[in-house]
Amino acid sequence: QVQLVESGGGLVQPGGSLSLSCAASGSFLSINDMAWYRQAPGKQRELVAAIVRGGRTNYADSGKGRFTISRDNAKNTVYLQMNSLKPEDTAVYYCNAQVVPGFYSPSVTYWGQGTQVTVSS
């Protein structure tokens, strides 16, 4: 069984910064794409940023220039650095990973439990 454990959420004032991390643990061969999603109250879950194993990144327009996604393949961990935070960034942030269980196996999608980010004065 694979677990994704997120940390780093909290309350921050507008214009502030937060750093999220998500570590994968369990038995698996490797991790392909990793990503961060978020879901605000009453809204659908949306992609924030994604990163492939080789390091290429993709960002939603809402976070371009403010958010940076990165990963450490040796630690099976993905990070999200969020700067210049706005009240509209308030949401539960979820980690997502495409995990390869073993040789010749298709990847399986896993989600973290979510971490609350609140941007408010």
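Residues numbered from 1 in each chain as written. Predicted model: local features only at pLDDT ≥ 70, side-chain atom pairs only at ≥ 80, totals over all residues. Heavy atoms only, no water.

**Thoughts on the packing of aromatic side chains**
The test is simple: Two aromatic rings, drawn from Phe, Tyr or Trp (for Trp, its six-membered ring), form a pair once their centres lie within 6.5 Å of each other, and the interplanar angle then sorts them: stacked below 30 degrees, edge-to-face above 60, tilted otherwise. The numbering of helices and of strands both runs from the N terminus, where a helix is a DSSP run of H or I of at least 4 residues and a strand a run of E of at least 2. A ring is considered to have a charge above it if a Lys NZ or an Arg CZ atom is located within 6 Å of its centre and within 35 degrees of its normal.
What the rule picks out here adds up to 2 aromatic pairs. Ring centres of Tyr37 and Trp111 lie 5.0 Å apart, and the angle between their planes is 65°; this geometry places the pair in the edge-to-face category. Separated by 74 residues along the polypeptide, Tyr37 in strand 4 (residues 30-39) and Trp111 in strand 10 (residues 108-111) bring together distant segments of the chain. We note Arg45 situated over the ring of Tyr94; from NZ or CZ to the ring centre the distance is 3.7 Å. A cation sits over an aromatic face here: Arg45 above Trp111, 4.7 Å from the ring centre.

**Looking at the state of the cysteines**
The condition is simple: We call a pair of cysteine sulfur atoms a disulfide whenever their separation is within 2.5 Å. Burial classes follow relative accessibility: with a 1.4 Å probe on protein chains only, a residue under 20% of its type's maximum area counts as buried, one over 50% as exposed, and anything between as partly exposed.
The final tally for this structure, using the stated rule, is 1 disulfide. One disulfide in the model links Cys22 with Cys95; its S-S distance is 2.1 Å. Between Cys22 and Cys95, the disulfide has an S-S torsion of -80° and is therefore left-handed. Of the two residues, Cys22 sits in strand 3 (residues 18-26) while Cys95 sits in strand 9 (residues 91-100), which places them 73 residues apart along the sequence. For the pair Cys22 and Cys95, one class covers both residues: buried.

**Let's talk about the nonpolar core**
Short version of the rule: Here, nonpolar core means buried Ala, Val, Leu, Ile, Met, Phe, Trp, Tyr and Cys residues that are tied together by side-chain atoms lying within 4.5 Å of each other. By definition, residues are in contact when any of their heavy atoms lie within 4.5 Å.
Among the nonpolar cores identified, the biggest contains 30 residues, and Trp36, Ile69, Val78, Leu80, Met82 and Tyr93 are the most heavily contacted of them. Those elements that place two or more of their residues in this core are strand 1 (2-7), strand 3, strand 4, strand 5 (46-51), strand 7 (67-72), strand 8 (77-82), strand 9 and strand 11 (115-119). The leading source of residues in this core is strand 9, at 5 residues. In this structure Tyr93 touches Glu6, Leu20, Trp36, Tyr37, Arg38, Val48, Phe67, Leu80, Met82, Gly114, Thr115 and Val117, once residues within four positions along its chain are discounted.

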